[in-house]
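# Chains, contacts and geometry: an overview
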Protein chains: 4
Amino acid sequence: MVDGIREKPHPEETAKRSSRRMHRPDPALPTRITAAQQDEIAAERGVSTPTRRVTVPALEEILYEPLPVLDRGFVRVIDYMGDDGAIVQAARVSYGRGTRRVSEDRGLINYLMRHRHTTPFEMCEIKYHVKLPIFVARQWIRHRTANVNEYSARYSILDNEFYIPAPEHLAAQATINRQGRGDVLEGAAARRVLDLLREDSERAYAGYAAMLNEDEAGAPLDPAWPGLARELARMNLSLNFYTQWYWKTDLHNLMHFLSLRADPHAQYEIRAYAEAMLGTMQRWVPLAHVAFLEYRMNAASISATGLQVIRRLLAGEQIDQAPREWRELMATLGRQDP
Amino acid sequence: MVDGIREKPHPEETAKRSSRRMHRPDPALPTRITAAQQDEIAAERGVSTPTRRVTVPALEEILYEPLPVLDRGFVRVIDYMGDDGAIVQAARVSYGRGTRRVSEDRGLINYLMRHRHTTPFEMCEIKYHVKLPIFVARQWIRHRTANVNEYSARYSILDNEFYIPAPEHLAAQATINRQGRGDVLEGAAARRVLDLLREDSERAYAGYAAMLNEDEAGAPLDPAWPGLARELARMNLSLNFYTQWYWKTDLHNLMHFLSLRADPHAQYEIRAYAEAMLGTMQRWVPLAHVAFLEYRMNAASISATGLQVIRRLLAGEQIDQAPREWRELMATLGRQDP
Amino acid sequence: MVDGIREKPHPEETAKRSSRRMHRPDPALPTRITAAQQDEIAAERGVSTPTRRVTVPALEEILYEPLPVLDRGFVRVIDYMGDDGAIVQAARVSYGRGTRRVSEDRGLINYLMRHRHTTPFEMCEIKYHVKLPIFVARQWIRHRTANVNEYSARYSILDNEFYIPAPEHLAAQATINRQGRGDVLEGAAARRVLDLLREDSERAYAGYAAMLNEDEAGAPLDPAWPGLARELARMNLSLNFYTQWYWKTDLHNLMHFLSLRADPHAQYEIRAYAEAMLGTMQRWVPLAHVAFLEYRMNAASISATGLQVIRRLLAGEQIDQAPREWRELMATLGRQDP
Amino acid sequence: MVDGIREKPHPEETAKRSSRRMHRPDPALPTRITAAQQDEIAAERGVSTPTRRVTVPALEEILYEPLPVLDRGFVRVIDYMGDDGAIVQAARVSYGRGTRRVSEDRGLINYLMRHRHTTPFEMCEIKYHVKLPIFVARQWIRHRTANVNEYSARYSILDNEFYIPAPEHLAAQATINRQGRGDVLEGAAARRVLDLLREDSERAYAGYAAMLNEDEAGAPLDPAWPGLARELARMNLSLNFYTQWYWKTDLHNLMHFLSLRADPHAQYEIRAYAEAMLGTMQRWVPLAHVAFLEYRMNAASISATGLQVIRRLLAGEQIDQAPREWRELMATLGRQDP
């Protein structure tokens, strides 16, 4: 595990680590990866070969490492192409590696980001291996400009691994916003929901396993019954079961993904993945990362009317009306509602 | 309902029709659409306005009508742009409506299909409203070159509607092909699976409803408990629950979808949708439909080695070797395995 | 011709109209379309058929009509799918046509535009026939999410039609901005450039015609020489020659195109097309058009630092520093440079 | 220069090499890259850093090297991601590097290619720097699923470099196929075309330079005249002038590009690029390359009717009819026309 990860120990980390040697994970002891998988990863990380391509040492440092997300998920950077210099090089269609001076690169990258010149950012590519609940995968897949290979439940059997939210993320339905969370559930209410989720998930997996009627070697568990086709049996699993995929995209589309999914309006569960990925972006293309925060993530789009309101305020005018949209603008500008 | 549909009555049709007046469908009596929805559709169908655009009477005939698929799903054509003539017109970049003589249009469309000139087919567009189980939606969404708006379970509450296969589609895992179905389950084995699927689905919905704790008017069912956020509660539903979306694509990408999903290797459940859509394509662009069957659906790609084998066979040579791939070729050519 | 077009007569309009009957246009008398093409268009416009689809009378009014752009180019709306209501309908995944009350539709469309919920806008589609100079086509084609069929100069012979800028658009290289125009050329300087462009274009076409060595019936002009393949001869034409294409896109991607190409930073020649298309958008989806102007075209993205500056100004602070970026912000806010 | 390139000396190679030291290339002495560019490339090639990513030594060998195409063009591999093993790894969504045994990888890659499982091939990415005539760029850009950054003639001044076909590629218009080449031009006819192309190109550049009125330092050549904006002056250049771009795509889309552009029906000039790129694919993913030749490039799609004809022929039937399409089939099968 890399340093950055050790610094933010997850509540379940201890349990996870001790359980890594087990082959069939006990769902009561959340496990992200098995010991065999951990060995494969270590073997990958141990290999080093020379290359003429640009390399990014800060990203190489965490290459292949699973960065923990939610109770059993992860994000791993599997491969990458390009660095900050590759953005500059593409913008100039140059023969060499782009400028050597960081200050010039920074200036150009800021310029490109500010003016939405997106194509140079498309010249960098990154590939992730992600383990995520199916309902998160269903939101994620809506981003169409990426390459995806998902673990096939038509072909293979899914593990008994499902997402159970940490208590601090169990929230009531928001009352103002139909699409959001309100207060965190507490005490008995939280326990009731967690029990229900866990019991129904376990029952769903039990039904799935019974219909498959197959042990790990493919032999029938109960020879008295035929096994149902995998492509049918999977429909009994609920949307909190974990799936996995390889997901590859270019930096421009990654930033589009992050701008929507690392945003406070995104559902917490996908935001947790986006935040882990934002950290990998910082390691990979630090100049683009700073520009992205400045001109996209932490910027605001002000409507035509909003700009007029600001102009009038700056001119010292009093504005009495307070439409809803304007209140949002005032919040953006750090102003109290009158 | 249009004629083509009445001709193939579905086992559950009778139950469905009688239950259309019910507001909350009883899952034991599968319902595709409510009476209110049926009224909205009838109202849509009743409106006719003049247009200068090309129209396709055979497709207009079924416009907005739900074509039944699976036990509760449907496909409805909501809108379309272009016809066979629009393909011809785009290929020629013409000022008028393309040729008037059907024989010339047919010849050009066949030529374009045969030589994979795909861009003229992109000039026709179609929009569907589809109701489908989530596990089918997960396969379907992998076709990235389409526009999609899905019913949001973050925002709204899903109905208690889940897919239960008809007995003739309950099949054992294939033994040769890891990704397919073998023999149909019969008698007690089938009943056991159907009971299990139904019970688990009902329990999943009960858990979902209990966590939401909300009646149709949005008031709490049990005021003693808070309602869980919809975006969290939905994770308790299993993959056979129905969702809905608007799906819009161009004819080229529709044919790509159909060539993969109306294929015998596709999972039955998505194939059922593809076949209903193939029927709509026949109404919409009959010349392109015939060319599609001839040069895509019922054509075969023969490898370099396969072509050599055919050449040797045609030259009267005996071929003793029988690699697996060659057996497939012989099947394609209607030859017995020696 | 529709009214809106007659109101803005183009300098060359008179010449153009009188020359429409000619078959081979004299390049000195710019012609947009021939009499035969005009007849085909009139025939198209004369046909009206009933449809159950949504129709937009304001757009039907100009359907197929060439809207003049530059000296010989045009944009024609050939087909469309959907209207403002289709955006609403898709956002709700509804069974009927969406709300009937304009005020509700407007509110939802504004909300979707403001929060960048882009998929409902993808449910509307439009198809144009465009005649444009090749150097404009080269910028335009960079928008990848569209369907295109271009007139093929491999297959057919291009007409002797090239773009010569109107004198008011002949500008010197900008000195501050490397990518822009400065002062308009005047008098002898302008005449010199116009003569040079016209002479070189005529010579390029003469060389093209000589190499093709083919009359309109395909017979050799000079039987002593063979004709060069069209796919080779075309390389002698310069980038101001006109080409044509069918271009089809959805409303979301159209707005993206317009936000970049109707912008003052875009090159004048492509902006002229974008402005004509913005007019067609207003006819087609008037509510989305208003929302687009408010939240996209006339809105501004303010960076994280820019937002802080505004907050400090609103708090009455004096800001002495004036970095370049901040000057742009002050211009956006209607403030004088200190 | 790598060996493969030295082995196939181009007619103009000698001239090119001796002229590399020149700064402003004389168009009579074709130059691909300047001495300064050559130095930048050599500097790039000299750098080697360790990486944990997969590397492909055979591709590293030619990394950054310009592979000559046409008289002044080139293709350079600038970066790549993945190898044959990455295809396997993605198909299996595995934790490690995929199988180690080449025979298993080969079998799976053949299977994926044969059954058009395209997504695993999307997991490999390659980036090229290409110098190419504008008319070739116009065909190339039609492949939309790639990332492109082109040298901007709005911002910079294009060099005086244009494509003149080698005499063996100067062909007459085909008489049977409207879209193709017939006999090669010879003697005076060829000289006449070459002279015309060269003179018109030189004149086009002279006009461009005169309108720009700018020396290399940006100072006016003739202070009596203003310089025309670059974005306008460029329209005087003809379609055989060279442009440059960075072009990045995934392996699946590269193969789609190659299957269309390395095909004998493609125009020679773009085919020359495709063939150079096919060579880079062989170095990069040798197993996928073999599968691609077997199942795509050298395979044939046989229509439904074609399959029936083959079945009847194999059954010993005589077939008297000989429609055009069937003649093509017989040619595919190596049979004489009866």
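As a reminder, the structure under discussion sits directly above these lines.
Since the model is a prediction, treat every value here as computed from it, not as a measurement.

### A few points about the relation of the copies chain B and chain D
For the match of chain B to chain D, the screw axis carries a shift of 0.0 Å, the RMSD comes to 0.1 Å, and the turn is 180°. Here the two chains are linked by the operation of a two-fold rotation axis. Closest to the rotation axis within chain B is the C-alpha of B:Ser301, separated from it by 2.1 Å. Interface residue correspondence from chain B to chain D reaches 100%, placing this contact among same-surface, isologous pairings.

### Points about the pairing of strand β4 (residues 125-133) of chain B
Residues and elements named next belong to chain B. Across the 9 residues of β4, 9 count as buried, placing the element largely inside the fold. In β4, alternate side chains face the same way, and those of Glu125, Lys127, His129, Lys131 and Pro133 on one face and Ile126, Tyr128, Val130 and Leu132 on the other are all buried. In terms of strand pairing, strand β3 (residues 73-81) meets β4 through 7 bridges, oriented antiparallel. Within β4, the position partnered with Phe74 by the bridge is Lys131. In this sheet, strand β8 (residues 242-250) lies alongside β4 in antiparallel orientation, the contact comprising 9 bridges. Bridging across to β8, Val130 finds its partner in Trp245.

### Let's talk about the nonpolar core
C:Trp140, C:Leu251, D:Trp140 and D:Leu251 are the most contacted members of the largest nonpolar core, which has 184 residues in total. Grouped together as the second largest cluster of nonpolar side chains are 182 residues, B:Met113, B:Leu258, B:Ile270 and B:Leu278 included.

### Section: unusual backbone geometry
Non-glycine residue C:Leu70 carries a positive phi angle of around 55°. Inspection of the secondary structure puts C:Leu70 in the loop between β2 (67-69) and β3 (73-81). According to the relative accessible area criterion, C:Leu70 is buried, its value standing at 5%. One non-glycine residue, D:Val93, lies in positive phi territory at about 45°.

### A word on the pattern of salt bridges
Scanning the entire structure with this criterion turns up 64 salt bridges over all chains. The salt bridge partner of A:Arg53 is D:Glu60, with a shortest N-O separation of 3.5 Å. Of this pair, A:Arg53 sits in the loop between β1 (49-51) and α4 (57-60) while D:Glu60 sits in helix α4 (residues 57-60), placing the two residues on different chains. By relative accessible area, A:Arg53 is classed as buried at 1%. Judged by relative accessible area, D:Glu60 falls into the buried class, the value being 9%. Residues joined by salt bridges that share partners form a network here, namely A:Glu125, A:Lys248, D:Glu125 and D:Lys248.

### Here we look at the packing of helix α6 (residues 102-114) of chain D against helix α12 (residues 286-297) of chain D
Residues and elements named next belong to chain D. Remark: α6 packs on α12, axes separated minimally by 9 Å, with the N-to-C direction vectors making an angle of 35°. Seen along the crossing, α6 lies across α12 with a hand that is right-handed. Here α6 contributes Val102, Asp105, Arg106, Ile109, Asn110, Met113 and Arg114 to the contact with α12, which in turn contributes Leu287, Ala288, Ala291, Phe292, Tyr295 and Arg296. Grouping the amino acids of the contact of α6 with α12 by side-chain chemistry returns 8 nonpolar, 1 polar and 4 charged.

### What to know about the sheet that holds strand β2 (residues 67-69) of chain A
Residues and elements named next belong to chain A. Within the open sheet, the 5 strands sit side by side as β2-β3-β4-β8-β5. Their pairing is antiparallel. Only two strands of the sheet have a single partner each, and these edge strands are β2 and β5 (147-150). On average, adjacent strands in this sheet sit at an angle of 25° to one another, irrespective of strand direction. The strands that helix α10 (residues 251-261) touches are β4 (125-133) and β8 (242-250); relative to β8, the one it contacts most, it runs at about 130°. Along the sheet, helix α11 (residues 268-284) contacts β2, β3 (73-81), β4 and β8; its crossing angle with β4, the most-contacted strand, is approximately 155°.

Cut-off values and rules
Every chain's residues receive numbers from 1 upward, in the order its sequence appears when written. To read the labels, note that chains go from A and ligands from 1, taken in the order they are written. Confidence filtering applies because this is a predicted model: local features only for residues at pLDDT of at least 70, side-chain atom pairs given and counted only at 80 or more, and all residues used for totals across whole chains, interfaces and linings. Derived side-chain values reflect all non-hydrogen atoms in the structure, with water molecules and hydrogen atoms excluded from consideration. Alignment of the copies relies on least squares applied to C-alpha atoms, considering only residues that score at least 70 for pLDDT in both. Whether two residues touch is decided by their heavy atoms; if any such pair falls within 4.5 Å, the residues are in contact. A simple rule labels every residue: compare its accessible area, found with a 1.4 Å probe on the protein chains alone, to the largest value its type can have, and call it buried under 20%, exposed over 50%, or partly exposed in between. Each helix is a run of H or I in the DSSP string that is no shorter than four residues. Each strand is a run of E no shorter than two, and both are numbered from the N terminus. Any two strands are treated as partners once DSSP identifies two or more bridges connecting them. Here, the term nonpolar core denotes a set of buried Ala, Val, Leu, Ile, Met, Phe, Trp, Tyr and Cys residues that are joined through side-chain atoms within 4.5 Å. Here, a salt bridge means any side-chain nitrogen of Lys or Arg that lies within 4 Å of a carboxyl oxygen of Asp or Glu. To define axes, lines are fitted to C-alpha atoms, for helices over the stretch in contact only, and angles between the resulting N-to-C directions are given on a 0 to 180 degree scale. The handedness criterion is simple: a crossing whose near helix is rotated anticlockwise from the far helix by less than a right angle is left-handed, and one whose near helix is rotated clockwise is right-handed. Amino acids outside the nonpolar list (Ala, Val, Leu, Ile, Met, Phe, Trp, Tyr, Cys, Pro) and the charged list (Asp, Glu, Lys, Arg) are all regarded as polar, and Gly is one of them.

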